[in-house]
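Coordinate analysis (summary)
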Amino acid sequence: MKHSKNVYYAKVLLFGEYTVIFDSQALTVPFGHFSGEISFINRNRYTDYNFAVQSNKDLKNYGLFLKELHKNKKLGFQFDFLRFEQDLNQGMFFESNIPIGYGIGSSGALCAGLYDEYAVNKIPSITSVAKEDILELKEIFRKMESYFHGISSGLDPLNCYFKSPMLLEGREKISFITLPKSPIDHAGAIFLLNTGKSSKTGPLVEIFIEKSREKAFGSLLFEQLIPVTNSCIDALIHGKSDLFFSNLKELSTMQLEHFQPMIPPDFNQVWKEGLQSDKFYLKLCGSGGGGFLLGFTRDFPEALKNLKQYGMEPIPVYRDENYF
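Now for a description of the structure that goes with this document.

So, on to the overall build of the protein chain. Secondary structure summary: the protein chain contains 10 helices and 10 strands in total. For 324 residues, the compact-globule formula gives about 20 Å, and the C-alpha radius of gyration of the protein chain, at 20 Å, lands near that figure. Viewed in the frame of its principal axes, the protein chain has a C-alpha envelope of about 55 × 40 × 35 Å. Taken over 324 residues, the protein chain has a buried fraction of 54%.

This is how it looks when you write it as structure tokens:
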């Protein structure tokens, strides 16, 4: 069967988790350390056979969901179900090393890959694409990814599809951006911390939405969380290091205080350690509850020493001037 050889990178949502639901800015970047691709069982390659069989089974179930969307005229594009089902019967699966439930786009890469491979007259994955096409794709991906999360912004698959840093400003403005070569201090880094357990996005999003209906938290959301999130993004994009870390510390402090259901208990102490020492700051990466946490530091070697005392080995997303 003819199929693409495209690889779909993981993504890291640097800023905008949860607040993007209420139209804050969001900044997301591709992360090539993890990736996925469409493949076939026993086709001149070696892989985890049990993983491949399970992936094939999962894709068949997902196909039923897509068919239901199509039947109800909610899919939003023409999907080649005939070729998709033929490929599944030939052993097609999604070969991926993106950890599932870790907040870095495992379902986003899958949705991007299936759209790229089986959409008829697909919107091309070029950064010169029209604004209207980007918004149309975001809506398509929102529906496709809702199978996995219940609620989706569509931003993760969009980033996995275009493989470019993207800035979201409200629901109607999405732009491809180029971040500065050294967006934070030269010795600094952006990194991931592995909490060692996966998490489900849907229940945590429900907790957040319910909490947002409370008067006090609603005020905090719109008067503090969203403004400081937007300020972090603006400072990072424009290379304003001092302002960036000042805003970041404020955001990290608010998340530690108000997002306890999303922070694994074992990581409360190291989170506090970063805030008290100013050696590094932690924040959620995606919905939290497990998966990865996101860290930022002005001095990566020093932060590394601190984190190793907790038995933690950070994965750099950005370090020095080798950005992503």
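On to the pairing of strand E4 (residues 166–169). As defined by bridge partners, strand E2 (residues 25–40) adjoins E4 across 4 bridges and the pair is classed as antiparallel. Looking at E4, one finds that Ala26 is bridged to Leu168. Where E4 meets strand E5 (residues 173–176), 4 bridges bridge the pair, whose relative direction is antiparallel. Within E5, the residue paired with Glu169 across the bridge is Lys173. Connecting the antiparallel pair E4 and E5 is a turn made up of 3 residues, with Gly170 showing a positive phi of about 75°.

With that settled, the discussion passes to the packing of aromatic side chains. Counted under the stated rule, the structure contains 32 aromatic pairs. Here Phe141 and Tyr161 contribute two aromatic rings whose centre-to-centre distance is 5.8 Å and whose plane-to-plane angle is 65°, an arrangement assigned as edge-to-face. Pair noted here: Phe141 is in helix H4 (residues 131–149) and Tyr161 is in helix H5 (residues 155–162), with a separation of 20 residues, a long-range link. Here Phe141 and Tyr161 have matching classes, each one buried. Here the aromatic cluster, defined as three or more aromatic residues joined through ring pairs, consists of Phe77, Phe79, Phe81, Phe84, Tyr115, Tyr118, Phe141, Tyr161, Phe162 and Phe176.

What follows covers the environment of Phe267. Here Phe267 lies in the loop between helix H8 (241–258) and helix H9 (268–277). By relative accessible area, Phe267 is classed as buried at 6%. In this structure, Phe267 is in contact with Asn194, Thr195, Leu293 and Met312, ignoring residues within four places of it in sequence.

The next point concerns helix H6 (residues 201–212). End to end, H6 covers 16 Å across 12 residues, agreeing with the expected 16 Å (1.5 Å per residue, within 8%). Those residues of H6 that sit buried are Thr201, Gly202, Leu204, Val205, Phe208, Ile209 and Ser212. Burial along H6 is one-sided: seen end-on, the buried residues are contained in an arc of 165°. The elements touched by buried residues of H6 are H4 and helix H7 (215–237).

Moving on to the environment of Lys143. Here Lys143 shows up in helix H4. Discounting chain neighbours no more than four positions away, the residues touching Lys143 are Phe65, Leu69, Lys74 and Leu75. One polar contact links the side chain of Lys143 to the main-chain carbonyl oxygen of Lys74, over a distance of 2.9 Å.

Further remarks concern the packing of helix H1 (residues 49–71) against helix H2 (residues 81–89). The contact between H1 and H2 brings their axes to 10 Å, and the two run at 165°. Classified by the angle their axes make, H1 and H2 are roughly antiparallel. In this structure, H1 meets H2 at a crossing whose hand is left-handed. For the pair H1 and H2, the contacting residues are Asn56, Leu59, Lys60, Gly63, Leu66, Lys67 and His70 in the first and Phe81, Phe84, Glu85, Leu88 and Asn89 in the second. The residue inventory of the contact of H1 with H2, partitioned by class, reads 5 nonpolar, 4 polar and 3 charged.

A few words now on the side chain of Ser252. Looking at the element boundaries, Ser252 is found in helix H8. Residue Ser252 is classed as buried on the basis of its relative accessible area of 0%. A distance of 2.6 Å separates a polar atom in the side chain of Ser252 from the backbone oxygen of Leu282. Setting aside its immediate chain neighbours within four residues, Ser252 contacts Trp271, Leu275, Tyr281 and Leu282.

This next bit is on the environment of Phe296. When you line up the elements, Phe296 lands in strand E8 (residues 292–297). Exposure remark for Phe296: the relative accessible area of 0% places this residue in the buried category. Apart from residues no more than four positions distant in its own chain, Phe296 is found in contact with Leu14, Phe15, Ala189, Ile190, Phe191, Phe244, Phe245, Leu248, Phe280, Tyr281 and Lys283.

Conventions we followed
Residues numbered from 1 in each chain as written. Predicted model: local features only at pLDDT ≥ 70, side-chain atom pairs only at ≥ 80, totals over all residues. Heavy atoms only, no water. Helix = DSSP H or I, 4+ residues; strand = E, 2+ residues; numbered from the N terminus. Rg over C-alpha atoms; globule rule 2.2 N^0.38 Å. Buried < 20%, exposed > 50% of the residue type's maximum accessible area, 1.4 Å probe, protein only. Pairing = 2+ DSSP bridges. Phe/Tyr/Trp six-rings, centres within 6.5 Å; stacked < 30°, edge-to-face > 60°. Contact = heavy atoms within 4.5 Å. Expected span 1.5 Å × (residues − 1). Arc of directions from axis to C-beta. Polar contact = N/O pair within 3.5 Å; in protein donor to acceptor, adjacent residues only side chain to side chain. Axes fitted to C-alpha atoms, helices over the stretch in contact; angles between N-to-C directions. Parallel < 35°, antiparallel > 145°, perpendicular 65-115°, else oblique. Left-handed = near helix turned anticlockwise from the far one by under 90°. Nonpolar A, V, L, I, M, F, W, Y, C, P; charged D, E, K, R; others polar.

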